[in-house]
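# Structural characterization, general
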Amino acid sequence: MKLKIKGKVTLPVLGEAFSDMLQHIEFDKDRFFINGATVYFNLYDNETGKMLEVIRDGKILDLVEWATPVVQAKEQLAARRRKPRTPKKT
């Protein structure tokens, strides 16, 4: 499913659009859940109106991954289980 918002997007606008979309499709939270989402957006300079590219460490940043705290904790636990522990030096 795709949600397209035209015009200036703020956090309240994004939340309202998402809520309205779920109501429009009559989403039943007791029967279904949303597992993951991809959000695409473009940043524009207020003065020039030109689209910006975010550069970090000399590279264009085009993907930022975010996970819920529960998912992050599960991934950290799995990583710890895979990594062999080294004995502490005394």
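This text gives an overview of the structure that appears in the document. (Residues numbered from 1 in each chain as written. Predicted model: local features only at pLDDT ≥ 70, side-chain atom pairs only at ≥ 80, totals over all residues. Heavy atoms only, no water.)

## Examining the overall build of the protein
Scanning the protein from N- to C-terminus turns up 2 helices and 4 strands. Helices and strands appear in the protein in the N-to-C order α-β-β-β-β-α. For a compact globule of 90 residues, the expected C-alpha radius of gyration is about 12 Å, and the protein comes in at 20 Å, more than 25% above that figure. With respect to the principal axes defined by its C-alpha atoms, the protein has extents near 60 × 45 × 20 Å. Looking at the protein as a whole, 4% of its 90 residues are labelled buried. Total accessible area on the protein is roughly 9,800 Å²; 55% of this is exposed by carbon and sulfur atoms. (Helix = DSSP H or I, 4+ residues; strand = E, 2+ residues; numbered from the N terminus. Rg over C-alpha atoms; globule rule 2.2 N^0.38 Å. Buried < 20%, exposed > 50% of the residue type's maximum accessible area, 1.4 Å probe, protein only. Areas by Shrake-Rupley, 256 points an atom, 1.4 Å probe, with all protein chains shown as cover.)

## Considerations on helix α1 (residues 11–24)
Taking 1.5 Å as the rise per residue, α1 with 14 residues should run 20 Å; its terminal C-alpha atoms sit 20 Å apart, in good agreement. Buried within α1 are the following residues: Ala17, Met21 and Leu22. With its buried residues spanning 130° around the axis, α1 presents them on a single face. Away from its buried face by more than 90 degrees, α1 exposes Pro12, Glu16 and Gln23. (Expected span 1.5 Å × (residues − 1). Arc of directions from axis to C-beta.)

## Details of unusual backbone geometry
For Glu26, which is not glycine, the phi dihedral falls at a positive 55°. Assignment of secondary structure puts Glu26 in the loop between α1 and β1 (43–44). We note that Asp57 has phi near 55°; this positive angle belongs to a residue other than glycine. You can see Asp57 is positioned in the loop between β3 (55–56) and β4 (59–60).

## Observations concerning a nonpolar patch on the surface
There is a patch of nonpolar side chains on the surface, built from Val39, Phe41, Leu43, Leu52, Val54, Leu61 and Val64 and spanning about 640 Å² of accessible area. Structurally, Leu43 is set in strand β1. We classify Leu43 as partly exposed; its relative accessible area is 37%. (Patch = residues over 30% accessible without salt bridge, like charges linked within 9 Å, V, L, I, M, F, W, Y side chains within 5 Å. Salt bridge = Lys/Arg side-chain N within 4 Å of Asp/Glu carboxyl O.)

Scope: geometric values only; no functional claims are made or implied.
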